[in-house]
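Spelled out from the first residue to the last, the chains are:
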Amino acid sequence: AQTVTQSQPEMSVQEAETVTLSCTYDTSESDYYLFWYKQPPSRQMILVIRQEAYKQQNATENRFSVNFQKAAKSFSLKISDSQLGDAAMYFCAYNPIIQGAQKLVFGQGTRLTINP
Amino acid sequence: ETGVTQSPTHLIKTRGQQVTLRCSSQSGHNTVSWYQQALGQGPQFIFQYYREEENGRGNFPPRFSGLQFPNYSSELNVNALELDDSALYLCASSLPPTGGKDTQYFGPGTRLTVL
C-alpha cells in the first residue's frame, strides 16, 4: 500500500525567511502525481503546488517550490519569503496514475507557524 | 466560477443515528470525492463518484454510502453512527478521472460530532 510520511509535526519560521517542509512516500509505481495542500484554520484544503513524477523539473509557484527526488521518494516544499498568511497545516499527498478512481493518499500534516 | 460548497457546516448527532452530508461541485467538474479527516490526522479517502456511479472506494464499511445527482452534486450518508465517525468530512471535485492527473479541489468541510 502507498504511504506518505511527514516527519515534522510542527515547524516555525520567522516572517520573510525560508522554510522547508519534508515529505517521503512509499510506492512501487513509476508514474504518479504529488501534491502539497494547505489547510488554514478555515479548514478548506487549498492546493499549493503539484508535481508530475515523470517530469524531472521541479515545480514552482511563486514563493513555493518543491525538491522532488524520485529515487529517494522525497518531495519537500520550500516556502520563500514566508508571510503571516502562510500559517496553516500543510499536507503532502500522493495520487497514483491508475484507471478508475483518483485517490489521494495524505500524510499526517505539518503545522507551520510564522513568527512576526 | 463557483467553488466547492458543502452543507451543513456543523452537525451534532447521537450514536446510532443516520446523517446526510451534501456537496456541490465546482463549476465544470463532474467527479466528486469524499474524505474523512479525524482530528489531527490527514484526510482519508472514502469514495469517489463519476457519472452518478461509485468509481472507487477506500477502506470504509458499507454503512458509508453516497449518491451523485445529474447536476454532479453529491451526498454522503452514514448509517448507525459511531463515536469514531466524529470528524471533518471533506468533499472534493475534479474533472473526469484520467488516471490521477486531475487536481481535486476541496470544499470547506462539514464537522460532524457524534455523542
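Provided above is the structure to which this section pertains.
Just so it is clear, the model here is predicted, and its values are computed rather than measured.

A. Quick look at the side chain of Q6(B). Residues and elements named next belong to chain B. Within the fold, Q6 resides in strand β1 (residues 5-7). For Q6, the side chain forms a polar contact with the main-chain oxygen of Y89, separated by 3.0 Å. A distance of 2.9 Å separates a polar side-chain atom of Q6 from the backbone nitrogen of G109. In this structure Q6 touches R22, C23, W34, Y89, L90, C91, G107, P108, G109 and T110, once residues within four positions along its chain are discounted.

B. Representation of the state of the cysteines within the structure. All names here are of chain A. On inspection of all chains with the given rule, the structure shows two disulfides over all chains. In this model, C23 is linked to C92 through a disulfide, with the two sulfur atoms separated by 2.0 Å. Of note, the bridge from C23 to C92 carries an S-S torsion of about -70 degrees and is left-handed in sense. Separated by 69 residues along the polypeptide, C23 in the loop between β3 (19-21) and β4 (24-26) and C92 in strand β10 (residues 88-96) bring together distant segments of the chain.

C. Quick peek at the environment of L88(B). Mapped onto the elements of the fold, L88(B) is located in strand β9 (residues 87-94). Each C-alpha atom of the pair L88(B) and L39(B) lies 7.6 Å from the other, and the pair is 49 residues apart in sequence.

D. Quick peek at the pairing of β10(A). Residue and element names in this part refer to chain A. Along β10, nine of the nine residues are buried, which leaves the element largely enclosed by surrounding structure. Alignment of strand β5 (residues 32-39) against β10, held across eight bridges, turns out to be antiparallel. Opposite W36, over in β10, you have C92 as the bridge partner. Two elements, β10 and strand β12 (residues 110-115), share three bridges in a ladder whose sense is antiparallel. Opposite M89, over in β12, you have R111 as the bridge partner.

Rules of the game
Residues numbered from 1 in each chain as written. Chains lettered and ligands numbered in written order. Predicted model: local features only at pLDDT ≥ 70, side-chain atom pairs only at ≥ 80, totals over all residues. Heavy atoms only, no water. Helix = DSSP H or I, 4+ residues; strand = E, 2+ residues; numbered from the N terminus. Polar contact = N/O pair within 3.5 Å; in protein donor to acceptor, adjacent residues only side chain to side chain. Contact = heavy atoms within 4.5 Å. Disulfide = S-S within 2.5 Å. Buried < 20%, exposed > 50% of the residue type's maximum accessible area, 1.4 Å probe, protein only. Pairing = 2+ DSSP bridges.

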